[in-house]
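Given next are the chains, with one letter for each unit.
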Amino acid sequence: MSLFDRIAQQPQEQQGITPDMMRAEMGRIQANPAAYLQQRGFNIPQGMTDPKQITQYLLQSGQVGSGRLQQVMRMLGR
């Protein structure tokens with residue numbers, strides 16, 4: 001289960017996720033979003049590096065639903 005799955009399932013204070021853990025995870029995502037997602041089982045085409053392009057691809061390919069995307073965006077405060 002990924003960090004984002006755990007966050008979505010229960011309040012943060014009950015999960016034992018510290019702000020440092022959240023910053024570290026966000027740093028890994030920002031450093032290489034395609035690799036981060038591929039390591040978690042998502043199919044991302046080789047050479048795709050732009051986060052917006054990756055997001056569109058995940059939505060269009062059905063790997064992520066719009067509800068899940070909205071949940072993550074709320075979590076990230078965007």
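Up top is the structure these notes are about.
For the structure given in this document, a descriptive report is provided here. Remember, predicted model here, so these are calculated numbers, not experimental data. (Residues numbered from 1 in each chain as written. Predicted model: local features only at pLDDT ≥ 70, side-chain atom pairs only at ≥ 80, totals over all residues. Heavy atoms only, no water.)

**Quick look at helix α2 (residues 19–31)**
So the rule is basically this: What counts as a helix is a DSSP run of H or I of at least four residues, what counts as a strand is a run of E of at least two, and both are numbered from the N terminus. The span expected for a helix works out to 1.5 Å for each residue beyond the first. The buried label applies to any residue whose accessible area, calculated with a 1.4 Å probe on protein chains only, is under 20% of its type's maximum; exposed applies above 50%, and partly exposed to all values in between. The reported arc concerns the directions from the helix axis to the C-beta atoms and nothing else.
Over its 13 residues, α2 runs 18 Å from end to end, which matches the ideal 18 Å to within 8%, given 1.5 Å per residue. Of the residues making up α2, those classed as buried are M22, E25, M26 and I29. For α2, the buried positions fall inside an angular range of 100° around the axis, keeping them on one side. Away from its buried face, by an angle of more than 90 degrees, α2 presents the exposed residues D20, R23 and A31.

**Let's talk about the nonpolar core**
What counts, and what does not: Nine residue types can take part in a nonpolar core, namely buried Ala, Val, Leu, Ile, Met, Phe, Trp, Tyr and Cys, and a core is a set of them joined through side-chain atoms within 4.5 Å.
In terms of nonpolar packing, the biggest core is built from 10 residues, these being M26, I29, A34, Y36, L37, I44, M48, I54, L58 and V64. Only α2, α3 (33–39) and α4 (51–60) provide two or more residues apiece to this core. Sort the elements by how many residues they give to this core and α3 lands first, with 3 residues.

The quantities given are spatial measurements derived from coordinates; they are silent on function.
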